Amino acid sequence: MRLFPELGYEATSIRRIAGEAGVSPALVLHHYGSKEGLRRACDRHVVERYRRIKDDSIAGGMFDPSFMSAAMSESRSLMRYLAWAMASNSPEAAALFDEMLAEAVAVSREAIAKGYLADSQDLEARTALQLSMQIGLALLHEHVARSTGIDLFSAEGIRRATPILLEIYSGLFDAGLLDGLRQ
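Described below are features of the structure shown in this document. (Residues numbered from 1 in each chain as written. Predicted model: local features only at pLDDT ≥ 70, side-chain atom pairs only at ≥ 80, totals over all residues. Heavy atoms only, no water.)

## Quick notes on the overall build of the protein
- For the protein, the count of helices and strands is 10 helices and 0 strands.
- Its helices and strands in sequence order give the protein the pattern α-α-α-α-α-α-α-α-α-α, from N to C terminus.
- Its C-alpha atoms give the protein principal-axis dimensions of roughly 65 × 35 × 30 Å.
- Relative to its full complement of 183 residues, the protein shows a buried share of 33%.
- By sequence separation, contacts in the protein at least 24 residues apart represent 55% of the contacts at least 6 residues apart.
- Of the roughly 11100 Å² that the protein leaves accessible, carbon and sulfur atoms contribute 57%. (Helix = DSSP H or I, 4+ residues; strand = E, 2+ residues; numbered from the N terminus. Buried < 20%, exposed > 50% of the residue type's maximum accessible area, 1.4 Å probe, protein only. Contact = heavy atoms within 4.5 Å. Areas by Shrake-Rupley, 256 points an atom, 1.4 Å probe, with all protein chains shown as cover.)

## Side note on the environment of Glu156
- Within the secondary structure layout, Glu156 lies in helix α9 (residues 155-171).
- By relative accessible area, Glu156 is classed as partly exposed at 44%.
- When the C-alpha positions of Glu156 and Met72 are compared, they lie 9.7 Å apart, and in sequence the two are 84 residues distant.

## Some remarks on the pattern of salt bridges
- This structure, assessed with the given rule, holds 9 salt bridges.
- For Glu156, the salt bridge goes to Arg159, with nearest N and O atoms at 3.3 Å. Here the residue Glu156 and the residue Arg159 both occupy positions in helix α9, the gap between them amounting to 3 residues, near one helical turn.
- Put simply, Arg2, Glu6, Arg16 and Glu20 are held in one network by salt bridges that share partners. (Salt bridge = Lys/Arg side-chain N within 4 Å of Asp/Glu carboxyl O.)

## With respect to helix α4 (residues 35-58)
- In a regular helix each residue adds 1.5 Å, so 24 residues correspond to 34 Å; α4 covers 35 Å between its end C-alpha atoms and thus fits that length.
- For α4, the side-chain oxygen to backbone nitrogen distance between the N-cap and Glu36 is 3.3 Å, and the N-cap itself is Ser34.
- One or two residues past the end of α4 sits Gly60, with phi positive at roughly 125 degrees. (Expected span 1.5 Å × (residues − 1). Polar contact = N/O pair within 3.5 Å; in protein donor to acceptor, adjacent residues only side chain to side chain.)

## Brief notes about the packing of α4 against helix α6 (residues 91-113)
- Running from amino to carboxyl end, α4 crosses α6 at an angle of 15 degrees, the nearest separation of the two axes being 10 Å. With respect to each other, α4 and α6 are oriented roughly parallel. Viewed along their axes, α4 and α6 form a crossing whose handedness is right-handed. Of the residues in α6, those in contact with Glu36, Arg39, Asp43, Val46, Val47, Tyr50, Arg51, Lys54, Asp55 and Ile58 of α4 are Glu92, Ala93, Leu96, Glu99, Met100, Glu103, Ala104, Ala106, Val107, Glu110 and Ala111.
- Counted by class, the contact of α4 with α6 contains 11 nonpolar, no polar and 10 charged residues. (Axes fitted to C-alpha atoms, helices over the stretch in contact; angles between N-to-C directions. Parallel < 35°, antiparallel > 145°, perpendicular 65-115°, else oblique. Left-handed = near helix turned anticlockwise from the far one by under 90°. Nonpolar A, V, L, I, M, F, W, Y, C, P; charged D, E, K, R; others polar.)

Next comes the structure, spelled out in structure tokens:
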């Protein structure tokens, strides 16, 4: 998950991956079949970890600073991989996005049921846009850090960014303008 974004898919060899993992290339091929099989396993891992973090967050972790710190630490590698994968605009990226979207819709439904999130007339579209914005932030994180000093992959950066994101999402428009836009 580190080497594909760092070196690029084509430049990342099974030999290099095996060397970094301290195993033989044959063992990697035995478990994953090919470099493409390894990529699919990485994609599945991102989706599974994303779902587990979101589930734990909804179960109360979002209110626990130690949970959030650990989640942010793990999310750094997940989001870097995800940003790399989405930037490729490949069939693999499309499949990964679709799987992430299905997970995000399921998580949103849970959050709505618990009263953490407002319901939507078009939950799938809203969730697709939210997911796209999150991936966009991950993809552009270095530019955000350079221009604002906010590292979106750090606990401190999340602490700084959260009130700003809440301002954007909830306070950007006044009530009259929102009513006009709705009409």
